[in-house]
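Secondary and tertiary structure notes
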Amino acid sequence: IPSYAVAFGYCFMDSVTAGYYAWAAHDVTEREQRTNLIPQSREMKTILTMGDTLLWQTLASVTIPGVAINLIVKTSRMVVPRLPGLPG
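Below you will find a few notes about this structure. (Residues numbered from 1 in each chain as written. Predicted model: local features only at pLDDT ≥ 70, side-chain atom pairs only at ≥ 80, totals over all residues. Heavy atoms only, no water.)

The next subject is the overall build of the chain. Summing up its helical and strand segments, the chain has 3 helices and 0 strands in all. Going from N to C terminus, the chain has its helices and strands arranged as α-α-α. Taking the contacts inside the chain whose residues are at least 6 apart along the sequence as the reference set, 57% of them involve residues at least 24 apart. Carbon and sulfur atoms form 68% of the exposed surface of the chain, whose accessible area is close to 7,100 Å². (Helix = DSSP H or I, 4+ residues; strand = E, 2+ residues; numbered from the N terminus. Contact = heavy atoms within 4.5 Å. Areas by Shrake-Rupley, 256 points an atom, 1.4 Å probe, with all protein chains shown as cover.)

What follows is the structure in structure tokens.
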């Protein structure tokens with residue numbers, strides 16, 4: 001469990017950092033000016049940036065590696081006892 005706490009802590013802090021940079025760099029984008037789109041508020045851009053970063057970092061740092069490790073361990077537990085010459 002402590003390794004998951006560290007991984008989630010990393011994901012959270014990375015999203016906070018991305019949110020800080022989005023907040024600091026807020027400006028109406030060229031695309032919004034060109035197409036006359038209503039610019040998003042500074043708060044909305046920050047929230048969307050943080051949510052996006054948190055989602056992808058959690059997938060990349062916690063979920064996908066966890067599923068891959070679980071799959072490898074399950075497969076190994078099934079295959080290793082069936083190998084000839086190994087005690088089991």
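Tracing the backbone through its elements, the reader meets S15 in helix α1 (residues 2–24). Beyond its immediate chain neighbours, meaning those up to four positions away, S15 contacts M50, T53 and L54.

Take the side chain of T46 next. Structurally, T46 is set in helix α3 (residues 42–79). Its relative accessible area of 10% is what places T46 among the buried residues. With sequence-adjacent residues up to four places away left out, T46 is seen in contact with G19, A22 and W23. (Buried < 20%, exposed > 50% of the residue type's maximum accessible area, 1.4 Å probe, protein only.)

Now for the packing of aromatic side chains. A complete count under the given rule lists 1 aromatic pair for this structure. The ring of W23 carries R42 above its face, with NZ or CZ at 4.4 Å from the centroid. (Phe/Tyr/Trp six-rings, centres within 6.5 Å; stacked < 30°, edge-to-face > 60°. Lys NZ or Arg CZ within 6 Å of the ring centre and 35° of its normal.)

Let's shift gears to α1. Its 23 residues give α1 an end-to-end C-alpha distance of 33 Å, which sits within 8% of 33 Å, the value for a rise of 1.5 Å per residue. Three or more residues of α1 are buried, namely A7, C11, S15, A18, G19 and A22. Packing partners of the buried residues in α1 comprise α3. (Expected span 1.5 Å × (residues − 1).)

With respect to the helices and strands, the residue D14 is situated in helix α1. Placed 36 residues apart in sequence, D14 and M50 show a C-alpha to C-alpha distance of 8.4 Å. Those residues in contact with D14 that lie beyond four places of it in its chain are T53 and Q57.

Positionally, W23 belongs in helix α1. Aside from chain neighbours lying at most four places away, what touches W23 is R42, E43 and T46.

Structurally, the α-helix is built with 3.6 residues per turn, so residues lying three or four positions apart point the same way. For α3, built from 38 residues, the straight-helix expectation of 56 Å at 1.5 Å per residue is met to within 8% by its first-to-last C-alpha distance of 54 Å. The sharpest bend along α3 reaches about 40° and sits at L59. Residues of α3 that are buried include every one of K45, T46, T53, Q57, T58 and V62, and no others. (Bend = angle between axes of the 7 residues up to and from the residue.)

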